[in-house]
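Residue-level listing of the chains:
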Amino acid sequence: MSPGLEPDELLTIGEMSRRTGVAASALRYYEDLGLVGSVRTGGNQRRYPRHMLRRVSLISVAKRLGMPLADVREAFGEVPMESTPSHTDWQRASRRWKKKLEERRRAIERLEHELTGCIGCGCLSLKACALLNPDDALAATGAGPRRLEDVVEDEESAGDEP
C-alpha cells in the first residue's frame, strides 16, 4: 500500500468517481440497490470505505460484459460491506459469479448456434427455419422474441441440473 493511505480511510463520492471512472449518480444508484455502502458525515455527505473501490470496479466490469446488476448483487451476497472483505469472502463471490458467467456463456453460444443456423443457412424458406412462427401462433404467449427466450430459459434450467 502507498505511504499515507490507510485501509480505513473514507473517500468522498468525488474521489470514488475519479478512482473508478463511475459517475457519482451511478454510485448513488448502486448504493440504492445495495451493491455498495457508504457512511454519512454529520453534514449527510457520503463517505465510502476504501474497500468499496474493488466492488465498484467489479460492477463496472460486469456492466461492460452485459451482466445484470441482480447477478452482481447475488455474487456479492455474502461479501461484507461493513468491513474489508477477506480473501475467502472474495473466493466465495468468485465461485458464484463464475457459475453465472458460465450460464450466460452457454446461453449465448446456443443463441449464436440458432441464429447462425437460421440466418446463415441461406435457404430463405420460412418452412425450414428453426425460429418459424406459423400464423403468428406465438403472439398469444406474450411479447418479445418468444423462441429465443425459450433458448435462454432452457440453458438456465440446464445449469440447475447436478
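Up top is the structure these notes are about.
Quick caveat, the model's predicted, so the values are computed rather than measured. (Residues numbered from 1 in each chain as written. Predicted model: local features only at pLDDT ≥ 70, side-chain atom pairs only at ≥ 80, totals over all residues. Heavy atoms only, no water.)

A. Spotlight on the sheet that holds strand E3 (residues 46-49). The antiparallel open sheet is built from three strands, whose spatial order is E1-E3-E2. Two strands in the sheet have a free side with no partner beyond their single neighbour: strand E1 (10-12) and strand E2 (39-40). Examined bridge by bridge, E2 and E3 share two bridges and lie antiparallel to one another. Considered in E3, the bridge of Arg40 is made with Arg46. On top of the sheet, helix H1 (residues 13-20) reaches E1 and E3; it is set at about 85 degrees to E1, its chief contact. (Pairing = 2+ DSSP bridges. Helix = DSSP H or I, 4+ residues; strand = E, 2+ residues; numbered from the N terminus. Contact = heavy atoms within 4.5 Å. Axes fitted to C-alpha atoms, helices over the stretch in contact; angles between N-to-C directions.)

B. Spatial organisation of the side chain of Ser38. With respect to the secondary-structure elements, Ser38 resides in the loop between helix H2 (24-32) and E2. Of note is the side chain of Ser38, whose polar atom sits 2.7 Å from the side chain of Glu31. (Polar contact = N/O pair within 3.5 Å; in protein donor to acceptor, adjacent residues only side chain to side chain.)

C. A look at the packing of H1 against helix H3 (residues 52-64). Where H1 contacts H3, the axes come no closer than 10 Å and their chain directions differ by 50 degrees. Looking at the two axes, H1 sits oblique to H3. Relative to H3, H1 is oriented so that their crossing is right-handed. Here Met16, Arg19 and Thr20 of H1 lie close against H3, whose contacting residues are Met52, Leu53, Val56 and Ser57. Across the contact of H1 with H3, the residue classes tally to four nonpolar, two polar and one charged. (Parallel < 35°, antiparallel > 145°, perpendicular 65-115°, else oblique. Left-handed = near helix turned anticlockwise from the far one by under 90°. Nonpolar A, V, L, I, M, F, W, Y, C, P; charged D, E, K, R; others polar.)

D. Quick look at unusual backbone geometry. Its identity as a non-glycine residue notwithstanding, Asn44 has a phi of 65 degrees, on the positive side. Within the element layout of this structure, Asn44 appears in the loop between E2 and E3. Overall, the relative accessible area of 51% leaves Asn44 in the exposed class. (Buried < 20%, exposed > 50% of the residue type's maximum accessible area, 1.4 Å probe, protein only.)

E. Here's a closer look at the environment of Asp89. Within the fold, Asp89 resides in helix H5 (residues 87-120). Classification of Asp89 by relative accessible area gives buried; the value is 11%. A sequence separation of 13 residues divides Asp89 from Phe76, and the C-alpha atoms of the two residues are 8.9 Å apart. Ignoring anything within four residues of it in the chain, the contact list for Asp89 reads Glu78, Val79 and Pro80. Separated by 2.8 Å, the side chain of Asp89 and the backbone nitrogen of Ser86 make a polar contact.

F. A look at the pattern of salt bridges. A full pass over the atoms with the stated rule returns nine salt bridges. In this structure, Arg92 and Asp89 form a salt bridge, with 2.8 Å as the shortest nitrogen-oxygen distance. With Arg92 and Asp89 both in helix H5 and three residues apart, the pair spans about one turn of that helix. Measuring nitrogen to oxygen at the nearest pair gives 3.9 Å for the salt bridge that ties Lys98 to Glu102. Separated by four residues within a single helix, Lys98 and Glu102 lie in helix H5, roughly one turn from each other. The partly exposed category is assigned to Glu102, whose relative accessible area is 30%. Each member of the salt-bridge network shares a partner with another, and the members are Asp71, Glu74, Lys100 and Glu103. (Salt bridge = Lys/Arg side-chain N within 4 Å of Asp/Glu carboxyl O.)

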